[in-house]
Amino acid sequence: IPQVLVHHGLFPVFPSHPRTAVSIDLLEFYHALFEHSADTVTALAGTLRTHYARCGFQTLDHKVSTLP
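Residues numbered from 1 in each chain as written. Predicted model: local features only at pLDDT ≥ 70, side-chain atom pairs only at ≥ 80, totals over all residues. Heavy atoms only, no water.

## Quick look at the overall build of the protein
Using the following cut-off: Secondary structure elements are taken from DSSP: a helix is a run of H or I of four residues or more, a strand is a run of E of two residues or more, and numbering for both begins at the N terminus. Think of it in three bands: residues with accessible area under 20% of the maximum for their type are buried, residues over 50% are exposed, and the middle band is partly exposed, with areas taken using a 1.4 Å probe on protein chains only. The contact criterion used throughout is that any non-hydrogen atoms of two residues lie within 4.5 Å. Values of accessible area rely on a 1.4 Å probe in the Shrake-Rupley scheme; residue burial ignores everything except the protein chains shown.
When helices and strands are counted, the protein shows 3 helices and 2 strands. Helices and strands in the protein line up, N terminus first, as α-β-β-α-α. The buried share of the protein, taken over its 68 residues, is 12%. When contacts within the protein are restricted to residue pairs at least 6 apart in sequence, long-range pairs at least 24 apart make up 3% of them. When the accessible surface of the protein is summed, it comes to about 5600 Å², and 65% of that surface belongs to carbon and sulfur atoms.

Here it is as structure tokens:
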């Protein structure tokens, strides 16, 4: 069952009793939030930028130049 959950984008909370699972996308978002946890606004902005970049989206700054 744990392999089926992971195949469908879910991570089992308890591999021996996979009754509860968390979205892998949510775990990746939380990891990005942890990486940018300076202050709340900056953390959220940086997290969203990192998350969207990992999903393949480009973000632009206020000068409309592509950010790395």
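There is more to say, and it comes next.
## Describing the side chain of H51
Within the secondary structure, H51 sits in helix α3 (residues 40-54). Its relative accessible area of 15% is what places H51 among the buried residues. Those residues in contact with H51, other than ones at most four positions away along the chain, are D25 and F29.

## Quick look at the packing of helix α2 (residues 24-35) against α3
Put simply, the rule reads: A fitted line through C-alpha atoms represents every axis, and for helices the fit uses only the stretch in contact; the resulting angles, taken between N-to-C directions, go from 0 to 180 degrees. With respect to orientation, any angle under 35 degrees is reported as roughly parallel, any angle over 145 as roughly antiparallel, any angle of 65 to 115 as roughly perpendicular, and every other angle as oblique. Left-handed describes a crossing in which the near helix is turned anticlockwise from the far one by less than a right angle; the clockwise case is right-handed.
α3 packs onto α2 with a crossing angle of 135° between their chain directions and a minimal axis gap of 8 Å. Judged on the interaxial angle alone, α3 and α2 are oblique. Crossing angle aside, the handedness with which α2 passes α3 is right-handed. Contacts between α2 and α3 involve D25, E28, F29, H31, A32, L33 and E35 on the former and, on the latter, A43, L44, T47, L48, T50, H51 and R54.

## Here's the deal with the environment of P15
Counting through the fold element by element, P15 comes out in the loop between β1 (10-12) and β2 (21-23). Residues P15 and Q3, 12 residues apart in the sequence, show an inter-C-alpha distance of 9.4 Å.

## Topic: a nonpolar patch on the surface
Cut-off, in case you're wondering: Patches here are clusters of residues that have more than 30% relative accessible area and form no salt bridge, with a 9 Å joining cutoff for like charges and a 5 Å cutoff for nonpolar side chains (Val, Leu, Ile, Met, Phe, Trp, Tyr). A pairing counts as a salt bridge when a side-chain nitrogen of Lys or Arg comes within 4 Å of a carboxyl oxygen of Asp or Glu.
Side chains of L44, L48, Y52 and F57 sit close together on the surface and give an oily, nonpolar patch of about 370 Å² of accessible area. Mapped onto the fold, F57 is located in the segment after α3.

## Side note on the packing of aromatic side chains
Just so we agree on the cut-off: Here a pair means two rings of Phe, Tyr or Trp (six-membered ring of Trp) with centres within 6.5 Å. Their orientation is stacked below 30 degrees between planes, edge-to-face above 60, and tilted elsewhere.
Under the defined criterion, the tally for this structure stands at 1 aromatic pair. Ring plane angle 85° and centroid distance 6.1 Å describe the contact between Y52 and F57, whose orientation is recorded as edge-to-face. We classify F57 as exposed; its relative accessible area is 54%.

## Brief notes about α3
Stated precisely, the cut-off is as follows: The span you would expect from a helix comes to 1.5 Å times its residue count less one.
Relative to the 21 Å expected for 15 residues at 1.5 Å per residue, α3 spans 21 Å between its end C-alpha atoms, a close match to the ideal helical length. Structurally, α3 contributes buried residues whose contacts are with α2. A positive phi of about 95° marks G56, the residue just after α3.

Limitation: the analysis is restricted to geometry and does not speak to function.
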